[in-house]
Amino acid sequence: MSVLKVIRNNLPNLSNKQKNIAKYLIKNKNKIPFMSLKELSSELNVSEVTILNFCKAIKIDSFIDLKKSFEHLIKEELRVPAKMKSSLDELESIEDAINNTFQIQKMNLNKIIENNSIESIEKATNLILNANTVFICGLGVSKLICDFLHTRFKILNINTKILDIDDSAIFIYDLIRASKDDLFILISFPLYSEKIIKLAEYLSIHNLNFISITNSEKSPIASNAQIVLKSENNSLVFYNFISAAILLSEILLIVLSYKMKDKITFNINTIENLHDFFNSKRIKNKINKKSSSKNKL
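All of the points below concern the structure found in this document. Because the structure is a prediction, the values reported are computed rather than measured.

1. What to know about the sheet that holds strand β3 (residues 183-187)
Moving on, step 1. An order of β2-β1-β3-β4-β5 is seen for the five strands of this open sheet, with the pairing classed as parallel. Looking at the sheet topology across the chains shown, the edges are occupied by β2 (160-162) and β5 (227-230). Geometrically, the sheet is characterised by an average inter-axis angle of 20 degrees between neighbouring strands, direction not taken into account.
Moving on, step 2. Lying on the sheet, helix α11 (residues 194-205) is in contact with β1 (134-138), β3 and β4 (210-214); it crosses β3 at an angle near 155 degrees.

Have a look at this one:
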């Protein structure tokens, strides 16, 4: 029996405080494996003893066992895509699928506008512009957003590097040489990557600057970030649909471009001048004359 079923079956016998804990656990199942007893206690505004008593009330021996139960639940959901099956069962036609998808994506895009202030985006761009090196890190579908940002940063001549957290040798070397003059951009959405959460903890401990691109202020990678940029990536079938996160990235890039417009204009003019220089007839004629002289010899 899953931990959610255990909690729901015991709901009638719980006190009001315990019912509030139960509701929070059900609603935030993806966060529980990454929370400490102290963090959960603070989040719910109850004592740690109250949470331990809740565990006993639902016949789970300890808070550690409770976390393990939620971790097992998440792994099972990843292995057997229950969300996908239930969502597809509810669809009655192709038209239904398309219309519902449009509605969900509209809501995602509206949330981008609601949840990100102009001030937060501007602060994020200032951090990027002032950084010596911008390290970008994400796993799974978040890696696609990393690649998108990395390519665009290169075009803007921003010194950037994708932090490959799966390649421990290079990853550790990059962390060792990182300084307070650098910036990290961490990207993770539910179901959150434990490796990215650990990286956020490391950066916090060592007072290194980072921006989090995630779904909410309560995300495990949001704590201690200099700026949190929020994107809800709800999907009709899959766990995350990254179109909203790409839009958020695009907004960030446009603001960066605006702030760098004088530099970008100068670079474009320089490139055009170099292009004209190396493609001018005078240069070509000189090259042709040298070639013909060599041939005569």
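2. Side note on helix α10 (residues 168-177)
Moving on, step 1. Along α10, the residues classified as buried are Phe171, Asp174 and Leu175. Down the axis of α10, the smallest arc covering the buried residues is 100 degrees, so these residues share one side. Pointing more than 90 degrees away from the buried face of α10 are the exposed residues Ala169, Tyr173 and Ile176.

3. Details of the pairing of β5
Moving on, step 1. Covered by surrounding structure in β5 are Ile227 and Leu229 together with Val228 and Lys230, the residues of both alternating faces.
Moving on, step 2. Here four bridges tie β4 to β5, and the two strands are oriented parallel to one another. Looking at β5, one finds that Ile213 is bridged to Leu229.

What counts and how
- Residues numbered from 1 in each chain as written.
- Predicted model: local features only at pLDDT ≥ 70, side-chain atom pairs only at ≥ 80, totals over all residues.
- Heavy atoms only, no water.
- Pairing = 2+ DSSP bridges.
- Helix = DSSP H or I, 4+ residues; strand = E, 2+ residues; numbered from the N terminus.
- Axes fitted to C-alpha atoms, helices over the stretch in contact; angles between N-to-C directions.
- Contact = heavy atoms within 4.5 Å.
- Buried < 20%, exposed > 50% of the residue type's maximum accessible area, 1.4 Å probe, protein only.
- Arc of directions from axis to C-beta.

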